[in-house]
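Coordinate inspection notes
Each chain, letter by letter, is given below.
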Amino acid sequence: MLFRVGRTFAVVVCAGAVAIEFAAAADIPYVQSPAPAYVPPTPSWAGFYLGGQLGYNFQYNRLVFGIEGSVSAADFDRSFASPYFPATDVWSSRLTWLTTVTGRVGYGFDNWLPYVKGGFAAGNVETSIQTNPFGVISQGSAVHSGWTLGGGVEFKVAPQFSLGVEFMHTDLGRSTDINGPQIVPGAPESYGVGLRSNSIMARFNYLFGR
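Sequence positions are assigned chain by chain, starting from 1 and proceeding in written order. Given that the model is predicted, a residue must reach a pLDDT of at least 70 before its local features are reported, and side-chain atom pairs must reach 80 or more before they are shown or counted; all residues, however, enter totals for whole chains, interfaces and linings. Only hydrogens and water are set aside when side-chain values are computed; all heavy atoms of the structure are taken into account.

Regarding the overall build of the chain
Convention followed: Segments assigned H or I by DSSP are reported as helices when at least four residues long, segments assigned E as strands when at least two residues long, and all are numbered from the N terminus. Should any heavy atoms of two residues lie within 4.5 Å, those residues are considered in contact. The Shrake-Rupley method, run with a 1.4 Å probe, gives the accessible areas here. Residue values count only the displayed protein chains as cover.
The helix and strand tally for the chain stands at 1 helix and 8 strands. By sequence separation, contacts in the chain at least 24 residues apart represent 60% of the contacts at least 6 residues apart. Accessible area of the chain: about 13,500 Å², with a carbon and sulfur share of 66%.

Examining the pairing of strand β4 (residues 90-107)
Rules: Only strands joined by at least two bridges in the DSSP assignment are considered to pair.
Sheet analysis places β4 next to strand β5 (residues 112-131), joined by 16 bridges and oriented antiparallel. Opposite Trp97, over in β5, you have Asn124 as the bridge partner. A loop of 4 residues connects β4 with β5, the two strands running antiparallel in sequence, and Asp110 in this loop sits at a positive phi of about 55 degrees.

Concerning the packing of aromatic side chains
Stated precisely, the cut-off is as follows: What counts as a ring pair is set by centres within 6.5 Å for rings of Phe, Tyr and Trp (its six-membered ring), and what kind of pair is set by the plane angle: stacked under 30 degrees, edge-to-face over 60, tilted for all other angles. Relative accessible area decides the class of each residue, using a 1.4 Å probe on protein chains only: under 20% of the type maximum gives buried, over 50% gives exposed, and in between gives partly exposed. Remark: a charge is flagged as sitting over a ring if the NZ atom of Lys or the CZ atom of Arg is within 6 Å of the ring centre and within 35 degrees of the ring normal.
Within this structure, the stated rule accounts for 8 aromatic pairs. Ring geometry for Phe161 against Phe204: centres 6.0 Å apart, planes inclined by 25 degrees, an arrangement best described as stacked. Of this pair, Phe161 sits in strand β7 (residues 161-179) while Phe204 sits in strand β8 (residues 190-207); the two residues are 43 residues apart in sequence, bridging distant segments of the chain. Relative accessible area serves as the criterion here: at 34%, Phe161 is assigned to the partly exposed category. Ring geometry for Tyr206 and Phe208: centres 5.0 Å apart, planes at 85 degrees, overall edge-to-face. Here Phe208 falls in the partly exposed class, since its relative accessible area comes to 43%. Linked through ring pairs, Phe48, Tyr56, Phe58 and Phe65 together constitute an aromatic cluster. Residue placement shows Arg104 over the ring face of Tyr115; its charged tip is 4.6 Å from the ring centre. Its end group placed over the ring of Trp45, Lys156 keeps NZ or CZ at 4.7 Å from the ring centre.

So, the nonpolar core
Selection rule: The criterion is simple. A nonpolar core is a set of buried Ala, Val, Leu, Ile, Met, Phe, Trp, Tyr and Cys residues joined through side-chain atoms within 4.5 Å.
In terms of nonpolar packing, the biggest core is built from 10 residues, these being Ala74, Trp91, Leu95, Leu98, Ala121, Val125, Ile129, Leu172, Val193 and Leu195. Residues within four places of Leu195 in sequence aside, it is in contact with Leu95, Val125, Thr170, Asp171, Leu172 and Gly173.

Notes on the side chain of Asn124
Within the secondary structure, Asn124 sits in strand β5. Leave out the neighbours within four places in its chain, and Asn124 touches Arg94, Leu95, Thr96, Trp97, Ser141, Ala142 and Val143.

As for the environment of Lys156
How we decide: Counted as a polar contact is a pair of N or O atoms within 3.5 Å, where, for protein atoms, one must be capable of donating a hydrogen and the other of accepting one, and residues adjacent in sequence contribute only when both atoms are in side chains.
Position of Lys156 relative to the elements: it lies in strand β6 (residues 136-158). For Lys156, a relative accessible area of 7% gives the class buried. Apart from residues lying up to four places away in sequence, Lys156 is in contact with Pro43, Ser44, Trp45, Asn111, Phe161, Ser162 and Leu207. A polar atom in the side chain of Lys156 sits 2.8 Å from the backbone oxygen of Pro159.

So, a nonpolar patch on the surface
We count it as follows: What goes into a patch is any residue over 30% in relative accessible area without a salt bridge, connected to like charges within 9 Å or, for nonpolar side chains (Val, Leu, Ile, Met, Phe, Trp, Tyr), within 5 Å. The working definition used for a salt bridge is a side-chain nitrogen of Lys or Arg within 4 Å of a carboxyl oxygen of Asp or Glu.
Nonpolar side chains collect at one region of the surface, where Phe58, Tyr60, Leu63, Phe65, Val105, Tyr107, Phe109, Trp112 and Val116 lie side by side and expose about 940 Å² of accessible area between them. For the nonpolar patch, the elements supplying multiple residues, two or more each, are β2 (54-60), β3 (63-81), β4 and β5. Mapped onto the elements, Val105 comes out in strand β4.

Remarks on the pattern of salt bridges
Taken as a whole, this structure holds 7 salt bridges when the rule is applied. Arg203 is the partner of Glu154 in a salt bridge, and the nearest nitrogen-oxygen pair spans 3.1 Å. Here Glu154 is found in strand β6, whereas its partner Arg203 is found in strand β8, with 49 residues between them in sequence. On the basis of relative accessible area, Arg203 is assigned to the buried category, the value being 3%. Within this structure, Glu68, Arg104, Lys117, Glu154, Glu166 and Arg203 form a network of salt bridges that share partners.

The structure is reproduced here in structure tokens:
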């Protein structure tokens, strides 16, 4: 009789212990680790790009810097009457092409990239003088070199495509490109060409490897 009671008591105690352990475990709150916040990657401008120009960008965090080259046809011209006697001649000049090699520094704001750029510029200038009374034409062609400076902004319309607009001031210096016929002895016509231009250009580029 005592053996049975003790055995039954032991079972009750064991069952109670199990119940107590289960209840204690059930009271421990379950804390789920919060999911990490999504941080969108910084748009990359690094790599080669090609459009109306060819260039390469390096990028450190949001700072973008690189080198860019461009070659473009041009058709800037100007004509005016000669100041020399008999003042009936017509002098004209025309820029036929322009090339630049510039450095560029910008700062990326999401898909926007404002930048400044500057460097070397060169262009071919054709000149001519027509002496109307005698029908004589003098012609010349020379490459002028100088500098260019400006800036702009680009916008990524897709990971590999960007549109932009930029303003550039270019100064190709001044030189004497042509001497006219010597109508009056000892007094040939001579003209110096000083070429400076301001331009606004649209940009469209494809970025390789992105």
